[in-house]
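Tertiary structure, described
The residues making up each chain are set out below.
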Amino acid sequence: MKFLSSRLSKEDRVKAQGSQSGIDFQEALIRGLASDGGLFVPEKIPNVASPWLNQKESFLHLTNQEKHQRVGASIVAAFAEGSSLQKTALSICVDALNFDIPLKELSTSTVATAEHSLYLLELFHGPTAAFKDVGARFLASALGVVKAEKPRLVLVATSGDTGGAVAGAFFKKPMTEVIILFPKGRVSERQEKQLCAWGENIQAWAIEGSFDDCQRVVKQALASQKLREKVELISANSISLGRLIPQSIYYAVASLELFFKTGLSSRFVIPSGNLGNSVAAMVARAMGFPIGQIVLAHNANRAVVDYFETGRYEKRETIATHANAMDVGQPSNFERLLDLFGGDWNLAKSNTVATSVSDKEIEASIVSSFRDYQQVVCPHTACAMKAAKLLKGAAPVVVVSTAHAAKFESLVEPLVGGKIQVPAALAELLKRPSQVEMLSIAEAVSRLV
Ligand SMILES: *Cc1c(COP(=O)(O)O)cnc(C)c1O
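The text that follows walks through the structure, step by step, so that each part is easy to find. The model shown is predicted, which means the values in this text are computed figures rather than measured ones.

Here is what the cut-offs are and how they apply
- Residues numbered from 1 in each chain as written.
- Predicted model: local features only at pLDDT ≥ 70, side-chain atom pairs only at ≥ 80, totals over all residues.
- Heavy atoms only, no water.
- Core = buried A, V, L, I, M, F, W, Y, C linked by side-chain atoms within 4.5 Å.
- Buried < 20%, exposed > 50% of the residue type's maximum accessible area, 1.4 Å probe, protein only.
- Helix = DSSP H or I, 4+ residues; strand = E, 2+ residues; numbered from the N terminus.
- Contact = heavy atoms within 4.5 Å.
- Pairing = 2+ DSSP bridges.
- Axes fitted to C-alpha atoms, helices over the stretch in contact; angles between N-to-C directions.
- Near = heavy atom within 4 Å.
- Polar contact = N/O pair within 3.5 Å; in protein donor to acceptor, adjacent residues only side chain to side chain.
- Areas by Shrake-Rupley, 256 points an atom, 1.4 Å probe, with all protein chains shown as cover.
- Nonpolar A, V, L, I, M, F, W, Y, C, P; charged D, E, K, R; others polar.
- Phe/Tyr/Trp six-rings, centres within 6.5 Å; stacked < 30°, edge-to-face > 60°.

Re the nonpolar core
Ranked by internal contacts, the top residues of the largest apolar core, which has 97 residues, are F25, I75, Y251 and F289. In terms of residue count, the dominant contributor to this core is helix α12 (residues 241-262) (12 residues). If near-sequence neighbours (up to four positions away) are discounted, I75 is found in contact with V48, I245, S248, I249, A252, M287 and F289.

What about the sheet that holds strand β6 (residues 176-183)?
Taken in spatial order, the 5 strands line up as β8-β5-β6-β7-β13 in an open sheet, and their pairing is parallel. Of all strands in the sheet, those with a lone pairing partner are β8 (232-235) and β13 (437-439), marking the two edges. Across the sheet, the axes of successive neighbouring strands diverge by a mean angle of 25 degrees, strand direction being ignored.

Describing the site of the ligand
Around the ligand, the surrounding shell holds 15 residues, and the nearest of these are K132, D161, G273, N274 and T402. Between G276 and the ligand, the recorded distance is 3.0 Å, taken from a backbone N or O atom to an oxygen atom. Between the ligand and T402, the relevant distance is 2.8 Å, taken from a nitrogen atom to a side-chain nitrogen or oxygen of the residue. Compared with its free state, where it exposes 380 Å², the ligand has 96% of that area covered by protein. Residues that form the shell around the ligand fall into these classes: 6 nonpolar, 7 polar and 2 charged.

Here we look at unusual backbone geometry
Comment: phi is negative for the bulk of residues other than glycine, and the bulk of peptide bonds are trans. Although it is not a glycine, M175 sits at a positive phi angle of roughly 60 degrees. Here M175 shows up in the loop between α8 (161-170) and β6. A positive phi angle, near 75 degrees, is found at L275, a position not held by glycine. With respect to the element layout, L275 can be found in the loop between β9 (266-271) and α13 (276-286).

Section: the packing of aromatic side chains
Tallying each qualifying case throughout the model produces 10 aromatic pairs. Between Y307 and F334, the aromatic rings sit 5.1 Å apart at their centres with planes inclined by 85 degrees, giving edge-to-face as the arrangement. Of the two residues, Y307 is situated in helix α14 (residues 303-310) and F334 in helix α15 (residues 334-340); the sequence distance between them amounts to 27 residues. An identical accessibility class is assigned to Y307 and F334; each is buried. Consider the rings of Y313 and F334, whose centres lie 3.9 Å apart with planes at 10 degrees: the pair is stacked. Of this pair, Y313 sits in the loop between α14 and α15 while F334 sits in helix α15; the two residues are 21 residues apart in sequence, bridging distant segments of the chain. According to the relative accessible area criterion, F334 is buried, its value standing at 5%.

Below you can see the structure in the form of structure tokens.
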């Protein structure tokens, strides 16, 4: 399996597919970005679902973690075909996916029964209580089996959940330093704690600037030959294939689970920002897993919603909202979304819709999710709960829950009128002392390049 740049012209792509040259999965993981600035996309999407659709009994006998590890291994092996990671796919998935990803059916006595059943896919049972743990842990495990030529330096700019997940995943990994850059004073208190609780091989830099400034510093470092001579540079941002591919695993497993139960393809409603999670769902559907409509639930940042409405895409200034991990004006995986549909707007919107949820609606959705389903949801999940209400028809609806509400307690607790219990792993982190350095943009740049 070869990976090509999303910016190749159609003709160049055809030529590249026929040739011997090209980059495999392992190399794409390490390089991060194609040399023309495009994103790596697979030359084709493999059909991985067929064998699983014929293995109902053996699938249903597996535990939740085993399902994710085994289905994950077959997905990863297909994308890593011809790379050294193909043979180690199962051990990487066993190491990375060591927590449950439960699919819960929601029941209600307060709302008139809908035509379909409603499920919550809880992606927040990992060490830092957000779905970013899946991709970050996979990336760390996969790099763990690739021998480093030089000391590794993992760089990540974060506006909230990514940095903590990457820190946790690479904590104490040999030959590896991690630098997390975050905008000082612009992440929630508990998110900041998660970024700064590590020490050892993890450095947290609070930058006097915005998230975009942090990203610019990282880009400048990634472009520096001088730095590359000293270290093997790894970027752990949202466009990394090492985060994207593993995120397709939980869609595959949940859709199989519901297909064996109902005989129907499921619909997924996904809180979306940079589109890494939702493009992964589209990849799972393209692999043949029984997935019907995909609903992208955005907050007030409307770039993608407007594209689906008008066929025109324009990047926007970022708007700050309650669902801060989705505050993205210019989603970095949009190029991958276009690539999946060959840039064809009509094809893109044939089985995917996008909707925008305001802060007022997020608050109302947190209240109604608790009242109607006894679920305390985070502001991101609340966007998807709201969007799910618009769906009709019999196919099961799965709302994707991207973070634990305890990370956003200052918003959620007053709305549900009670304290949220903090998951044990998160409570452990919140107790640790913070280790952080305050740097100006110029100081950060001069330390790196
Ligand atoms: C990152 C994040 C999102 C957005 O995911 P994308 O892949 O960027 O679309 C949604 N919810 C939470 C809690 C997140 O941390």
